[in-house]
Amino acid sequence: MGLIRKKITIEGTIQGVGCRPFLYTAATDLGLTGLVRNDMRGVTIEVQGPSEKIVQFQSALNNHENLPSLMEISSCCAEDLAPVPQEQGFIICQSAGDPSLEITQVTVDTAVCKDCLREMRDPKDPRHSYPFINCVNCGPRYSILRTVPYDRPNTTMAGFDMCDMCRDQYANPQDRRFHAQPVACPKCGPHITLTDTKGVLQESDSEKCISMAAQMLREGKILGIKGIGGFHLAVNALDEAAVVRLRRRKHRDDKPFAMMARTLETIRRFAAVDVVAERLLRSPQAPIVLLPKRKISNIPEQSVIAPSIAEGSNSYGFMLCYAPLHHLLFSQGGIEVLVMTSGNLSEEPLICDNKQALERLGNVADAFLMHNRDIFRQVDDSVLHIVDGNQALLRRARGYVPSPILLEKRSANDIFAAGADLKNTFCLVKGRQLILSEHIGDLADGLVFRHYRRSIPHLQQLFHVTPRCVAHDLHPSYLSTQYARSVPADHYIAVQHHWAHIASVLAEHRYPKQVIGLVADGTGYGTDGAIWGCECLIASMRQFRRFGRLRYYPQAGGDRAAKEAIRPLMGLLRTIVDSPSYLQKYDELIRSVEPDETRRTVIAEQIEKRVNTVSTSSLGRLFDAMAAIVGLGKYNHFEAQLPMALETAVNENEAGSYPVGVEMDFGETWIMDFREIIEGVIEDRQRKKDPGRIAARFHNSIAEGFLQMALHARELNSLNTVALSGGVFCNRYLVNRLIDLLKSEKFTVLWPRHAPVNDGGIALGQAAIAVHHIEGVVR
């Protein structure tokens, strides 16, 4: 039978995941000849042999169950070639590079696999107790990659020459470490050290370092621990005094801490873990998962989670060990749960450099467990929770970045989208790929903004992106907008904040049509100059129009209104009464939230004279005010602290609600009216009704208001698909209730699973809109 030859090009997550060894084995087992190589676009294969064997080889590529665990093929194209006479064997060629091609998907950092853990625990294995054990199925990827293709010389492992054993395994197609770029062992690879806060070496023997570090944690000490994407600050999570000390030193008084446990059984002692949560915790991405707290009684004080870890929240953020070093620490015994919070001072960028850790965290940690494998890109832990029975990302970082979200068609132009100023991420477009960066942070912090400016050219260089088009927020004063306008490009596109929110959902779902977009957040600059924050849009990638909104109310004090609940509260009360007499009518309530008469007077004058006061439809600030009325707090020490307290207070057995009206105003916009809701909350509070029931009724009212808005939009626009986005929908109770209501009315609901629903998804929406503009899809 005659020979045929095929050239097969595959794209997707295919570099650094055991793809070439898999292809080599599949081809040689079938007796095929040819070659395989990495290039900028992906992997190119040439196979030669009898036609039925070629068909079997292609079938192996299409069977996802046969692929290596981290390998994902997004496209596969084949073409015929002329056979090569007398070709012998199947070979793996050196990687090729061509910056003009769309780059392949860069593999994410993943948790250590079961095979490596088994070897690490085997006293007879040469990598016994080695903190940097890895293979093609696990370990660092993105965080150590300087440039592509993903080959060892292009990573921070370039400076570690492989020993004979590692080199033999690296070169053996039958070995699990075949072309595993970070492969190393105690003889030739990175090593750990234990230092004091000045960097003075305390111990360099690996096993002694880990033993001493574990003992320090048992004693209540704070350790700086260098991991995969940066440093953690670690402390015993069962030691309240140690946790309080960490809060004081890190300048993080209130925001909940994330925790790490060795086993799922340990997590189940403290939190409710359902089937979905278990799958996420055990996944190669190993994210932090927000889990409902379990009520515990009759347990000794030293065996419960320190109260100050997540005070005022109904959830714990848990993750399982994901780096070999984590497993080795817990194996020392006497440690059940560790606080593992980002290695930084409050709201600053994550630290990944040894010297910087000593300089910035020397007054926080009592010692440092660090190593000499450089981290090229700092990557925080990802955070997610469960909405409508599935994952929902709150912070997209380690394990998920830089996996792209794919467009339906290739973009002919490179694009940069600058994102928002809060919870910033940015996005690049290359070919079909929407490449959303890792979590950057809040750009108002100078260090974060510098990190943002450094990160953009780094990622552009990695993916060979030279933007012809730049997209940014409509707000002219945003730092992200100002930076975007400084980037050389042919086109600049200003995208309204809430349209970008909806577009991010449409991009993820590759939904090409118009939808009813319900958006709820704290702030977004509107086309009318007001601050939007509770919107119903009729939107597609091409255009949007505002169909409805929350009733406007005056908000005094600029950015201070996001911190001080008294500011939105007085603006809301002023709207209810529609005259300055609100100060007398609600005097007792206002005084309870702001005792200082001078401050009350200044805010009232600002509202009446419209000094530093804007009209807003912000739902986030309405939540702040309701939390203050219910008596749950007066100030957001961190973003959304008061709304989180209101959600935590909800009594889920309460099905009632307050009246909420949705009516057409004098123009063409439908208005959701909050006035009767607030009056109902105040009346119930005065009657000393249960705060949990008041909180539930308020949430239920907002969900019903959104449902009414969606029903009007469906009737007038013949649309049946609803997309949800915005930071207020990080509230699990609210969004689950709203999704249930929408589904009960036979709506199709689009909800983001792979990009954050908060402002961390804005850049994705900006980029997707820009693709349509630059390609001429939007007229």
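Keep in mind it's a predicted model, so treat the numbers as computed, not measured.

Calculation rules
- Residues numbered from 1 in each chain as written.
- Predicted model: local features only at pLDDT ≥ 70, side-chain atom pairs only at ≥ 80, totals over all residues.
- Heavy atoms only, no water.
- Helix = DSSP H or I, 4+ residues; strand = E, 2+ residues; numbered from the N terminus.
- Rg over C-alpha atoms; globule rule 2.2 N^0.38 Å.
- Buried < 20%, exposed > 50% of the residue type's maximum accessible area, 1.4 Å probe, protein only.
- Lys, Arg positive; Asp, Glu negative; His and termini not counted.
- Charge placed at Lys NZ, Arg CZ, Asp CG, Glu CD.
- 1 Å grid on protein atoms, 1.4 Å probe; cavity = no way out; pocket = protein on both sides within 12 Å on 5 of 7 lines; lining within 4 Å.
- Points joined across faces, edges and corners; volume = space filled by probe spheres on them.
- Nonpolar A, V, L, I, M, F, W, Y, C, P; charged D, E, K, R; others polar.
- Axes fitted to C-alpha atoms, helices over the stretch in contact; angles between N-to-C directions.
- Parallel < 35°, antiparallel > 145°, perpendicular 65-115°, else oblique.
- Left-handed = near helix turned anticlockwise from the far one by under 90°.
- Contact = heavy atoms within 4.5 Å.
- Core = buried A, V, L, I, M, F, W, Y, C linked by side-chain atoms within 4.5 Å.
- Pairing = 2+ DSSP bridges.
- Salt bridge = Lys/Arg side-chain N within 4 Å of Asp/Glu carboxyl O.
- Expected span 1.5 Å × (residues − 1).
- Disulfide = S-S within 2.5 Å.
- Phe/Tyr/Trp six-rings, centres within 6.5 Å; stacked < 30°, edge-to-face > 60°.
- Lys NZ or Arg CZ within 6 Å of the ring centre and 35° of its normal.
- Arc of directions from axis to C-beta.

1. Topic: the overall build of the chain
Then, number 1: If you tally the helices and strands in the chain, you get 23 helices and 29 strands.
Then, number 2: Taken against the 2.2 N^0.38 rule, which gives 28 Å for 779 residues, the C-alpha radius of gyration of the chain at 28 Å falls within 12% of a compact globule.
Then, number 3: Counting only C-alpha atoms, the chain reaches 95 × 65 × 45 Å along its principal axes.
Then, number 4: Out of the 779 residues belonging to the chain, those deemed buried represent 61%.
Then, number 5: On the chain, the mean spot of the 89 positive side-chain charges and the mean spot of the 88 negative ones are 1 Å from each other.

2. Brief notes about the layout of surface pockets
Then, number 1: Taken as a whole, the second largest pocket spans an internal volume of roughly 790 Å³.
Then, number 2: Lining the second largest pocket we find 29 residues, and of these Thr13, Glu72, Gln285, Ser403 and His754 sit closest to its centre.
Then, number 3: Of all elements in the fold, only strand S1 (4-13), strand S4 (72-81), helix H8 (275-282) and strand S17 (405-417) reach the threshold of two or more residues within the lining of the second largest pocket.
Then, number 4: No other element matches the three residues that S4 contributes to the lining of the second largest pocket.
Then, number 5: A breakdown of the residues in the lining of the second largest pocket according to their chemical character gives ten nonpolar, 14 polar and five charged.

3. Overview of empty space enclosed by the protein
Leftover empty space is mapped by rolling, across the atoms, a probe with the size of a water molecule.
Then, number 1: By the definition in use, this model includes five cavities of 30 Å³ or more.
Then, number 2: Here the largest cavity defines a volume of roughly 130 Å³.
Then, number 3: Pro131, Ile228, Ala323, Pro324 and Arg373 are, among the 21 residues lining the largest cavity, the residues nearest its centre.
Then, number 4: The biggest single contributor to the lining of the largest cavity is helix H9 (residues 324-330), with three residues.

4. Description of the packing of helix H18 (residues 619-630) against helix H21 (residues 691-717)
Then, number 1: Where H18 contacts H21, the axes come no closer than 10 Å and their chain directions differ by 160°. The orientation of H18 with respect to H21, classified from their angle, is roughly antiparallel. In the crossing of H18 with H21, the sense of the turn from one axis to the other is right-handed. When H18 is examined against H21, the residues Leu619, Leu622, Phe623, Met626 and Val630 are found in contact with a partner set consisting of Pro691, Ile694, Phe698, His699, Ile702 and Phe706.

5. Description of the nonpolar core
Then, number 1: Formed by 75 residues in total, the largest nonpolar core has its most connected members in Leu573, Leu622, Ile678, Phe698, Phe706, Leu724 and Phe729.
Then, number 2: The dominant element in this core, judged by the number of residues it contributes, is H21, at eleven residues.
Then, number 3: Apart from the residues within four sequence positions on either side, Ile678 is in contact with Leu572, Leu573, Ile576, Leu622, Met626 and Ile629.
Then, number 4: Core analysis: the second largest hydrophobic core is formed by 46 residues, Ile144, Leu194, Ala367 and Leu394 among them.

6. Quick look at the packing of helix H1 (residues 19-29) against helix H2 (residues 51-62)
What describes two packed helices is the angle between their axes and the distance between those same axes.
Then, number 1: Between H1 and H2, the shortest axis-to-axis distance is 10 Å and the interhelical angle comes to 150°. As far as their axial angle goes, H2 and H1 are roughly antiparallel. Once H1 is placed against H2, the crossing between them reads as right-handed. In contact with Phe22, Leu23, Ala26 and Ala27 of H1, H2 contributes Phe57, Ala60 and Leu61.
Then, number 2: Residue composition of the contact of H1 with H2, grouped by class: seven nonpolar, no polar and no charged.

7. Remarks on the sheet that holds strand S18 (residues 427-436)
Then, number 1: Spatial ordering of the open sheet is given by S18-S17-S19-S20, a layout of four strands whose pairing is mixed. Each edge of the open sheet carries a strand with a single partner, namely S18 and strand S20 (491-495). Recorded for the sheet is a direction-independent mean angle of 55° between the axes of neighbouring strands.
Then, number 2: The strands touched by helix H11 (residues 446-463) are S17 and S18; relative to S18, the strand with the most contacts, the crossing angle is about 160°.

8. Thoughts on the pattern of salt bridges
Then, number 1: Throughout the structure, instances matching the rule amount to 38 salt bridges.
Then, number 2: A salt bridge links Asp578 to Arg574, with the nearest nitrogen and oxygen atoms 3.8 Å apart.
Then, number 3: In this structure, Asp587 and Arg591 form a salt bridge, with 2.9 Å as the shortest nitrogen-oxygen distance. In this pair, Asp587 and Arg591 are both assigned in helix H16 (residues 587-593), four residues apart and thus about one turn of the helix distant.
Then, number 4: On the basis of relative accessible area, Asp587 is assigned to the partly exposed category, the value being 31%.

9. Observations regarding the pairing of S17
Then, number 1: With six bridges connecting them, S17 and S18 associate as antiparallel partners. If you follow Ile415 over to S18, its bridge partner there is Val429.
Then, number 2: Inspection of the sheet shows S17 paired to strand S19 (residues 469-473) by three bridges, in the parallel sense. Residue pairing for S19: Phe416 is matched across the bridge by Val470.

10. Regarding H21
Then, number 1: Taking 1.5 Å per residue as the helical rise, H21 with its 27 residues ought to reach 39 Å, and the 39 Å between its terminal C-alpha atoms agrees with that figure.
Then, number 2: Phi turns positive one or two residues past the end of H21, at Ser718, with a value near 55°.

11. Some thoughts on the state of the cysteines
Then, number 1: Under the counting rule described, the total for this entry stands at zero disulfides.
Then, number 2: Of the cysteine sulfurs around Cys76, a residue in no disulfide, the closest is that of Cys77, at 6.8 Å.
Then, number 3: For Cys76, a relative accessible area of 37% puts it in the partly exposed group.
Then, number 4: Cysteine Cys93 remains unbridged, with the sulfur of Cys19 as its closest cysteine sulfur at 14 Å.

12. Details of the packing of aromatic side chains
Each pair of aromatic rings is reported with the distance of its centres and the angle of its planes.
Then, number 1: Enumeration according to the criterion identifies 15 aromatic pairs in this entry.
Then, number 2: Relative to Phe132, the ring of Tyr130 lies with its centre 5.5 Å away and its plane at 65°, an arrangement referred to as edge-to-face. Grouping residues by exposure puts Tyr130 and Phe132 together as buried.
Then, number 3: When the centroid spacing of 6.1 Å and the interplanar angle of 85° are considered together, the rings of Phe416 and Tyr483 count as edge-to-face. Of this pair, Phe416 sits in strand S17 while Tyr483 is found in helix H12 (residues 479-486), placing the two residues 67 residues apart along the sequence.
Then, number 4: Ring pairs connect the aromatic residues Phe416, Phe426, Phe449, Tyr452 and Tyr483, which therefore count as one cluster.
Then, number 5: In this structure, Arg485 packs its charged tip against the face of Tyr492, placed 4.5 Å from the ring centre.

13. Focus: H12
It helps to recall that an α-helix has 3.6 residues per turn; residues three or four apart then point in one direction.
Then, number 1: Every buried residue of H12 is listed here: Ser480, Thr481, Tyr483 and Ala484. Viewed along the axis of H12, the buried residues span an arc of 165°, placing them on a single side of the element.
Then, number 2: In this structure, the buried side of H12 is in contact with S17, H11, S19 and S20.

14. Examining the sheet that holds strand S5 (residues 90-92)
Then, number 1: Strand order in the open sheet formed by five strands is S4-S1-S3-S2-S5, and the pairing between neighbours is mixed. Each edge of the open sheet is held by one strand with a lone partner, namely S4 and S5. When the angles between neighbouring strand axes are averaged without regard to direction, this sheet yields 15°.
Then, number 2: In terms of strand pairing, strand S2 (residues 33-38) meets S5 through three bridges, oriented parallel. Across the sheet, the residue bridging to Leu35 is Ile91, located in S5.
Then, number 3: H1 rests against S1, S2, strand S3 (43-49) and S5 of the sheet, and its axis sits at about 170° to S5.

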